[in-house]
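# Per-entry structural report
So you can see what is in the structure, the chains are spelled out below.
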Amino acid sequence: MACTKELRFEWMDALRGAAAILVLIRHYFRIAALGPLATHIDPGTMGVVAFFCISGYIIPWSVLHSPTTVLQFATARAFRLYPAYWVSLILAVVAAPVALPVLLANMTMAQRFMGVHDIVGVYWTLQIEIIFYAVMAVLMLAGKVADPRASLWCLLGACVLSLLLAIPRAVLLVKTPVAPAFSLVVMFASFVFYHHRHAGFLSSTRLRCILSGVGAVMVGCFLLAYHRDWGFGETPLRFVLGYAVGVGLFMAFMRLDIRMPALCWLGSISYPLYLIHVPVREIIVGLMPSLGEIPSALLGIPATVALAAVIHHGVELPFNRLGKRWVARYRVQRLKGAPDAVPLD
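Residues numbered from 1 in each chain as written. Predicted model: local features only at pLDDT ≥ 70, side-chain atom pairs only at ≥ 80, totals over all residues. Heavy atoms only, no water.

## Remarks on the overall build of the chain
To keep things clear, this is the line we draw: A run of H or I in DSSP becomes a helix once it reaches four residues, and a run of E becomes a strand once it reaches two; helices and strands are each numbered from the N terminus. Throughout, radius of gyration means the C-alpha value; the globule benchmark is 2.2 Å times the number of residues raised to the power 0.38. Each residue is assigned to one of three classes by its accessible area relative to the maximum for its type, calculated with a 1.4 Å probe on protein chains only: buried under 20%, partly exposed between the two thresholds, exposed over 50%. All accessibility values rest on the Shrake-Rupley procedure with a 1.4 Å probe; residue burial counts only the protein chains present in the view. His is not counted here, nor are the chain ends, while Lys and Arg score as positive and Asp and Glu score as negative. Charged side chains are reduced to one point each, which is NZ for Lys, CZ for Arg, CG for Asp and CD for Glu.
From N to C terminus, the chain includes 12 helices and 0 strands. Overall, the chain shows an N-to-C arrangement of helices and strands of α-α-α-α-α-α-α-α-α-α-α-α. A compact globule built from 345 residues should have a C-alpha radius of gyration of about 20 Å, and the chain, at 20 Å, falls within 12% of that. Each principal axis of the C-alpha distribution contributes one length, and for the chain these read about 65 × 45 × 40 Å. Each of the 345 residues in the chain was classed as buried or not, and the buried ones make up 47%. When the accessible surface of the chain is totalled, it reaches about 16,400 Å², and 71% of it is carbon and sulfur. Positive and negative side-chain charges of the chain, numbering 27 and 15 respectively, have mean locations separated by a distance of 5 Å.

Structure follows, in structure tokens:
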């Protein structure tokens, strides 16, 4: 998303750039090699949580500031997400060929719902975005997106779900899928904060009390879910710090209105950059297996940024415009009651 003044949050563009940097650091450098304390530091979690904060804030804003139907909303999101995603799939297959059924499932972006693994590890976050969009669609159908109480109920529901999934990990040693629930807590907390900031929902004191309670619940969930390492170096402190820093970055960029041009530019290409940085790294490692960590990063990060810029301008922006034209066209037809208008509800 480019740094412009037309219906944009410039601080949010800059935050996307900062979050993208954190994700790059996570996947190009071995942070844990720096020492014992570094084991609990995960820049990737920090960046992803910041991205979830952005989604929880900007998606309701976009729906409320541009009256739309569920189909129009879904169409705009599809044109926004899928083209660059499919390009990243091509790169992923070049890096490591996969079976056709796995590829076809991944093309839907809903592979985890089908029991199929992600070709690229970072794809898991996109499926959480889909869940959030689905909830927003339900709220749209019910006419509740503008109702602040609905956002609060969604937040409370996500907290309950998080506890219900975290407890079996601690008690039964069953690896339940806690990450989606934890992520939805962040997104709905951001949704509640949006209503506080733009609709005066809850006093500042009440909001702090509610969000402090949510934070306490999440710390408890982290202690329950990650009291043992499930194979990825997971510790409760790692997630407490990761979520705290991610949310803290969101609040800091908003409160301080940070608009650094370099971060804004990086934020504009953050979506394709997020999608392709792992496949690009894998391609480089495959072509030059003897290349060390630092040389790989010095080669891979600029290559990722350059290719992301190409995908942004050559794929992402054109399809975004196409989606907006499609939505605008049928919105006009509906308003005019044109006989050939396609039903969108």
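There is more to say after this.
## Quick look at the packing of helix α2 (residues 43–65) against helix α7 (residues 178–199)
Here is the rule: Every axis in this analysis is a line fitted to C-alpha atoms, fitted for helices over the stretch in contact. Angles between the N-to-C directions lie between 0 and 180 degrees. Each angle is binned into one of four classes, with values under 35 degrees roughly parallel, values over 145 roughly antiparallel, values of 65 to 115 roughly perpendicular, and all other values oblique. Throughout, a crossing is termed right-handed when the near helix is turned clockwise from the far one, and left-handed when it is turned anticlockwise from it by less than a right angle. Contacts are assigned to residue pairs with any non-hydrogen atoms lying within 4.5 Å of each other.
The geometry of α2 relative to α7 is characterised by a closest axis approach of 8 Å and an angle of 45 degrees between their N-to-C directions. Compared by their axis directions, α2 and α7 come out oblique. Every pair of crossing elements has a handedness; the one defined by α2 and α7 is right-handed. Across the interface between the two elements, V49, F52, C53, S55, G56, Y57, P60, W61, L64 and H65 from α2 touch S183, V186, M187, S190, F191, F193, Y194, H195, R197 and H198 from α7.

## Remarks on the nonpolar core
Stated precisely, the cut-off is as follows: Residue types Ala, Val, Leu, Ile, Met, Phe, Trp, Tyr and Cys, when buried and joined through side-chain atoms within 4.5 Å, form a set referred to as a nonpolar core.
Grouped together as the largest cluster of nonpolar side chains are 97 residues, with contacts concentrated most on W11, L155 and F182. The element contributing the most residues to this core is α7, with 13 residues. Among residues more than four places away in sequence, those in contact with F182 are S162, A166, M218, C221, F222, A225, Y226 and Y243.

## Concerning the pattern of salt bridges
For the record, the criterion: Only one rule defines a salt bridge in this text: a Lys or Arg side-chain nitrogen within 4 Å of an Asp or Glu carboxyl oxygen.
Enumeration according to the criterion identifies 11 salt bridges in this entry. In this structure, D42 engages R238 in a salt bridge whose closest nitrogen and oxygen atoms are separated by 2.9 Å. Here the residue D42 occupies a position in the loop between α1 (10–28) and α2, and R238 occupies one in helix α9 (residues 236–255), the gap between them amounting to 196 residues. Neither residue differs from the other here; D42 and R238 are each classed as buried.

## Looking at the environment of V245
As for its placement among the helices and strands, V245 is situated in helix α9. Counting along the chain gives 202 residues from V245 to P43, while the straight-line C-alpha distance between them is 9.0 Å.

## Some thoughts on the packing of aromatic side chains
What counts is decided by this rule: In this analysis, rings of Phe, Tyr and Trp, with Trp reduced to its six-membered ring, are considered paired at centre separations within 6.5 Å, and the interplanar angle assigns stacked below 30 degrees, edge-to-face beyond 60, and tilted for intermediate values. A ring is scored as having a charge over it whenever the NZ atom of a lysine or the CZ atom of an arginine sits within 6 Å of its centre and within 35 degrees of its normal.
Taken as a whole and assessed by the stated rule, the structure comprises 20 aromatic pairs. A centroid spacing of 6.3 Å and a plane angle of 90 degrees characterise the contact between Y82 and Y85, whose relative ring orientation is edge-to-face. Of this pair, Y82 and Y85 both sit in helix α3 (residues 70–95), 3 residues apart, roughly one helical turn. Lying across the ring of W230, R169 places its NZ or CZ 5.0 Å from the centre.

## Description of helix α5 (residues 124–141)
Short version of the rule: One less than the number of residues in a helix, times 1.5 Å, gives the span that helix is expected to have.
With 18 residues, α5 extends 26 Å from end C-alpha to end C-alpha; this agrees with the ideal 26 Å at 1.5 Å per step. T125, L126, Q127, I128, E129, F132, Y133, M136, A137, L139 and M140 are the residues of α5 that are buried. Looking at the buried positions of α5, the neighbouring elements they touch are α2, α3, α6 (148–171), α7 and α11 (270–287). The first or second residue beyond α5 is G143, which carries a positive phi of 70 degrees.

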